[in-house]
Amino acid sequence: MDAQNGETLDKKKILSYTAKKRAVIATAAVILSIVALCFVKTYVAVTFIAIPIIVAAAFVADKILIIVRPDIYGSDMLKRGRTPVIATCTVVAVFTAICLISGIVGYQIAMYTARNANVVDTFDNIDDAVDYLQTSGLSEKYTITVHMTTTGREEYKITADFSPKSGEYDLEDFSGFKDVEENEDKITVKLKAYTLEYNGEKIAYYVLNEKHLNAKIEIKEGVITVVDYGQAFGLVLGAAFGAAAQIAIIVVVYIAGIIAAIVPSEIYFEKLIRNEARRCDPQQE
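Heads up: these notes are all about the structure in this document. (Residues numbered from 1 in each chain as written. Predicted model: local features only at pLDDT ≥ 70, side-chain atom pairs only at ≥ 80, totals over all residues. Heavy atoms only, no water.)

1. Let's talk about helix α5 (residues 126-134)
Of all the residues in α5, the buried ones are Ile126, Ala129, Val130, Leu133 and Gln134. The buried residues of α5 occupy one face: seen down the axis, they fall within an arc of 125°. As for α5, its buried residues are in contact with β3 (119-123), β7 (187-198), β8 (201-206), β9 (215-220) and β10 (223-228). The distance from a side-chain oxygen at the start of α5 to the backbone nitrogen of Asp127 is 3.2 Å, and the residue carrying that oxygen is Asn125. (Buried < 20%, exposed > 50% of the residue type's maximum accessible area, 1.4 Å probe, protein only. Helix = DSSP H or I, 4+ residues; strand = E, 2+ residues; numbered from the N terminus. Arc of directions from axis to C-beta. Contact = heavy atoms within 4.5 Å. Polar contact = N/O pair within 3.5 Å; in protein donor to acceptor, adjacent residues only side chain to side chain.)

2. Considering the sheet that holds β3
The strands that make up a sheet are held in pairs by hydrogen bonds between backbone atoms, and each pair lies either parallel or antiparallel. What the three strands build is an open sheet, ordered β3-β10-β9; its pairing is antiparallel. What marks the edges here is a single partner per strand, and that holds for β3 and β9. Direction aside, neighbouring strands of the sheet carry axes that sit 25° apart on average. Inspection of the sheet shows β3 paired to β10 by four bridges, in the antiparallel sense. The residue bridging Asp121 from the neighbouring strand is Val226, located in β10. (Pairing = 2+ DSSP bridges. Axes fitted to C-alpha atoms, helices over the stretch in contact; angles between N-to-C directions.)

3. Some words on the pairing of β9
Two strands pair when backbone bridges link them, and β9 and β10 are joined in this way by six bridges, in the antiparallel orientation. Bridging across to β10, Glu218 finds its partner in Thr225.

4. As for the pattern of salt bridges
It is possible for side chains of opposite charge to pair when their charged atoms get near one another. For the coordinates displayed, the defined rule picks out five salt bridges. Where Asp62 meets Lys63, a salt bridge forms, and the shortest distance between an N and an O atom there is 2.6 Å. Each member of the pair, Asp62 as well as Lys63, carries the same accessibility label: buried. The partner of Lys186 in a salt bridge is Asp161, and the shortest N-O contact between them spans 3.4 Å. Of the two residues, Lys186 is situated in the loop between β6 (180-182) and β7 and Asp161 in strand β5 (residues 155-164); the sequence distance between them amounts to 25 residues. Taking the relative accessible area as the measure of exposure, Asp161 reaches 9% and is therefore buried. (Salt bridge = Lys/Arg side-chain N within 4 Å of Asp/Glu carboxyl O.)

5. Points about the side chain of His212
Its location among the elements puts His212 in the loop between β8 and β9. Of the residues examined, His212 reaches a relative accessible area of 12% and is grouped as buried. In this structure the side chain of His212 is engaged in a polar contact, spanning 3.0 Å, whose partner is the side chain of Asp228.

6. Some words on a negative patch on the surface
Where like charges cluster on the molecular surface, the negative patch consists of Asp124, Asp127, Asp128, Asp131 and Glu201. Among the elements that line the negative patch, the one with the most residues is α5, at three residues. (Patch = residues over 30% accessible without salt bridge, like charges linked within 9 Å, V, L, I, M, F, W, Y side chains within 5 Å. Areas by Shrake-Rupley, 256 points an atom, 1.4 Å probe, with all protein chains shown as cover. Lys, Arg positive; Asp, Glu negative; His and termini not counted. Charge placed at Lys NZ, Arg CZ, Asp CG, Glu CD.)

7. A closer look at the nonpolar core
The biggest cluster of nonpolar side chains holds 20 residues, and the ones touching the most others in it are Tyr73 and Val92. Looking at this core, the elements that each hand over two or more residues are α1 (11-37), α2 (44-67), α3 (70-73), α4 (75-115) and α6 (229-280). (Core = buried A, V, L, I, M, F, W, Y, C linked by side-chain atoms within 4.5 Å.)

8. Focus: the packing of aromatic side chains
A ring pair, where both rings are aromatic, is described by two values, the distance of the centres and the angle of the planes. Per the stated rule, a full pass over the model turns up seven aromatic pairs. A ring pair is formed by Tyr142 and Phe174, whose centres lie 5.2 Å apart and whose planes are at 65°; its orientation type is edge-to-face. Remark: Phe174 occurs in the loop between β5 and β6 and Tyr142 occurs in strand β4 (residues 142-147); sequence separation between them is 32 residues. The class for Phe174 is buried, based on a relative accessible area of 2%. Judged by centre distance (5.0 Å) and plane angle (75°), the rings of Phe162 and Phe174 are edge-to-face. (Phe/Tyr/Trp six-rings, centres within 6.5 Å; stacked < 30°, edge-to-face > 60°.)

Taken by themselves, the reported measurements are silent on function.
See below:
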């Protein structure tokens, strides 16, 4: 036993309380983290946000439960531990907040890009959208004859002939088309055609814009857009990888930062606790 300012401390009590405190906090943190991981497939954001908060909260709780128990550690522990606890907890809290905000904002931007990756352009009226898809950049070199038919189906195939205005045709001009047939004086290609209903009227159109041969018109909530799901795949994949990479980097930075903040504090408090326990050991007197 050791008396400090009228206090009577007990080594066994210090070590027992410290071990129980750590076990309870660690167990609670592990259980809460496992619960958060259960949402990783359905609500990945819940897991991403919850685990850093759990780690930070566990650290803060552990330190608070030291300095609020002068009956266990003595009033000197409060005096010596208050400043490092406040400083370290502030660093952990601020660093956790910065990493969370950076991760959430970056993830939302990446996902917004992915959701809108298929949108080529928006138009004020349906005629402009149709003209955009039916206009070919090859019209200066070729006379284009589209064999347009209507079937009533939402999507079907038609053909178009490209006759060179001068000279011979160049197959490289049609590299973007999948079905190309060579004739003596012209090229015949297959095009996608669509039928949609707009303002009670059925509109049939074809896609001749070689930059967006997989595009079509979509109208949602009155907004007319041309979407190309062919180009979206690469952009969505890129955005997904970008989001995953950004999260991975932030996680690594967070882990490294938390370790850098926590380890010195843990060493400091472990030394304080051991010193207090040794002072209370009658065998040391």
